[in-house]
Amino acid sequence: MKNIIPSYVRVPVIFATVFAGMEYFIDSGEKPAFMEYPMVAVFLFVFLFLLIAIEIVISAVDKVTYQLLSEEQKKQLEEAQALPFTESAFYKNIMKKLTRSKAVEQEADVMLDHNYDGIKELDNVLPPWWVYLFYTCIVFAVVYLVRFHIVGDYTQKEEYEMAMLEAQKEHEEYLKNAPDPVNLENVILMTDATSIAEGKKIFTENNCASCHKENLEGNIGPNLTDAYWINGGGIKNIFKVISEGSPKNSVMAPWKEVIKPTDIQKLASYILSLQGSNPANAKAPEGELWVEEAVTNNKEEIVDEVTKVTDSTKIQQ
């Protein structure tokens, strides 16, 4: 029998198909399956070895069988192999089943008694593949009608919402193991209510109030609601102090091993959201006055205003 596809094409295609199927169905995380599971690599090696062995055996059998043929049989075999694929009996048989068309010599059997300016009409049947596809569409339409319009299965909107929920779960799972995108260089102040609320929750859960009290008025640690800062104010400085600790105050330990950077950003943003809140029994200012240059160019007015607030706080105390 004539080999339509040569072995040097057939073997790589079969092996690549099996390899791709195993990679698709075996959950191996970010690593390829044959690297994550050594048995997969062993299976692929054995499978490739068997493919090559089978091709060698088939080739050997064909050669031995050819030598056993008579000269006339060899000649017939060579003539059959010399035919183009489209002229082979196999191809013609497939096309006949797919189209059910009549040969030119048989057109008289399906010719209708219609003649339009010398053009005659044939009554050829529809191709079976077209008919079967049409029947399949009808069955699909009936199933779809019953499922979504009679039984009342999920709608497209519900399917979309389920897909979005699944994607959100996958995204959250990815974020658990993905590198944190926030660092000292790109951290920014967050002002939305959700982030501030989460920052307050982080402040409470990590017992920050033991040093700074519940309203950040200060206890062992400094007052975090005034404009004076020991290590500098602003989102970047506060983020750095929470992450790495304070070089000027050993009591303030680094929290980067306990709180992830994105949460430290929210915590720092929560702290800054209470600036100027003037809580009762606030601790006296410590450190130096911090003025955000990006906020204002009139530093002297800020200094005067903060001084007034500080003096007022001292009088209340």
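The following refers to the structure shown. (Residues numbered from 1 in each chain as written. Predicted model: local features only at pLDDT ≥ 70, side-chain atom pairs only at ≥ 80, totals over all residues. Heavy atoms only, no water.)

## Focus: the packing of helix 10 (residues 234–244) against helix 11 (residues 261–273)
Contact geometry of helix 10 with helix 11 gives a least axis separation of 9 Å together with a crossing angle of 125°. In terms of their interaxial angle, helix 10 and helix 11 are classed as oblique. Handedness of the crossing formed by helix 10 with helix 11: right-handed. For the pair formed by helix 10 and helix 11, the contact residues are Gly234, Ile235, Ile238, Phe239, Ile242 and Ser243 on the first element and Pro261, Ile264, Gln265, Leu267, Ala268, Ser269, Ile271 and Leu272 on the second. Its residues assigned to classes, the contact of helix 10 with helix 11 comprises 10 nonpolar, four polar and no charged. (Axes fitted to C-alpha atoms, helices over the stretch in contact; angles between N-to-C directions. Helix = DSSP H or I, 4+ residues; strand = E, 2+ residues; numbered from the N terminus. Parallel < 35°, antiparallel > 145°, perpendicular 65-115°, else oblique. Left-handed = near helix turned anticlockwise from the far one by under 90°. Contact = heavy atoms within 4.5 Å. Nonpolar A, V, L, I, M, F, W, Y, C, P; charged D, E, K, R; others polar.)

## With respect to the environment of alanine 197
Mapping alanine 197 onto the fold places it in helix 8 (residues 193–205). Residues alanine 197 and phenylalanine 239 lie 42 residues apart in sequence; the distance between their C-alpha atoms is 17 Å.

## A short note on the packing of helix 8 against helix 11
Orientation of helix 8 relative to helix 11, taken along the N-to-C sense of each, is 100°, at an axis distance of 7 Å. For the element pair helix 8 / helix 11, the angle class is roughly perpendicular. Mapping the contact onto sequence places Ser195, Ile196, Glu198, Gly199, Lys200, Ile202 and Phe203 in helix 8 and Asp263, Lys266, Leu267, Ser269, Tyr270 and Ser273 in helix 11. Considered class by class, the residues forming the contact of helix 8 with helix 11 number five nonpolar, four polar and four charged.

## Overview of the nonpolar core
In terms of nonpolar packing, the biggest core is built from 20 residues, with Phe203, Leu216, Trp229, Ile238, Ile242, Leu267 and Ile271 touching the most fellow members. Those elements giving two or more residues to this core turn out to be helix 8, helix 10 and helix 11. Sorting elements by how many residues they give to this core places helix 11 first, with six residues. Setting aside its immediate chain neighbours within four residues, phenylalanine 203 contacts Cys208, Ala209, His212, Lys213, Glu214, Leu216, Leu267 and Tyr270. (Core = buried A, V, L, I, M, F, W, Y, C linked by side-chain atoms within 4.5 Å. Buried < 20%, exposed > 50% of the residue type's maximum accessible area, 1.4 Å probe, protein only.)

## Quick notes on the pattern of salt bridges
Here the structure, examined in full by the defined rule, presents five salt bridges. Across the pair glutamate 55 and arginine 10 runs a salt bridge whose closest N-O atoms are separated by 2.8 Å. Taken together, the residues span a long stretch of sequence, with glutamate 55 in helix 3 (residues 38–68) and arginine 10 in helix 1 (residues 7–25) at a distance of 45 residues. (Salt bridge = Lys/Arg side-chain N within 4 Å of Asp/Glu carboxyl O.)

## As for the packing of aromatic side chains
Within the structure shown, the criterion is met by 10 aromatic pairs. When the ring of tryptophan 130 is compared with that of phenylalanine 134, the centres are 5.7 Å apart and the planes differ by 10°; the resulting orientation is stacked. Linking tryptophan 130 with phenylalanine 134, this pair stays in helix 6 (residues 128–150), spanning four residues, or about one helical turn. Judged by its relative accessible area of 43%, phenylalanine 134 is partly exposed. Note on phenylalanine 148 and tyrosine 154: the rings are 5.6 Å apart at their centroids and 85° apart in plane angle, and the pair reads as edge-to-face. Judged by its relative accessible area of 23%, phenylalanine 148 is partly exposed. Taken together, the ring pairs in this structure connect Phe140, Tyr144, Phe148 and Tyr154 into an aromatic cluster. (Phe/Tyr/Trp six-rings, centres within 6.5 Å; stacked < 30°, edge-to-face > 60°.)

## Thoughts on the pairing of strand 1 (residues 111–116)
When a strand is regular, its side chains alternate between the sheet's two faces. Direction of pairing for strand 1 relative to strand 2 (residues 119–122): antiparallel, over a ladder of three bridges. Each residue of the ladder has a partner; that of methionine 111, found in strand 2, is leucine 122. Hairpin connection of strand 1 to strand 2: two residues between the antiparallel strands, including aspartate 117 at a positive phi of 50°. (Pairing = 2+ DSSP bridges.)

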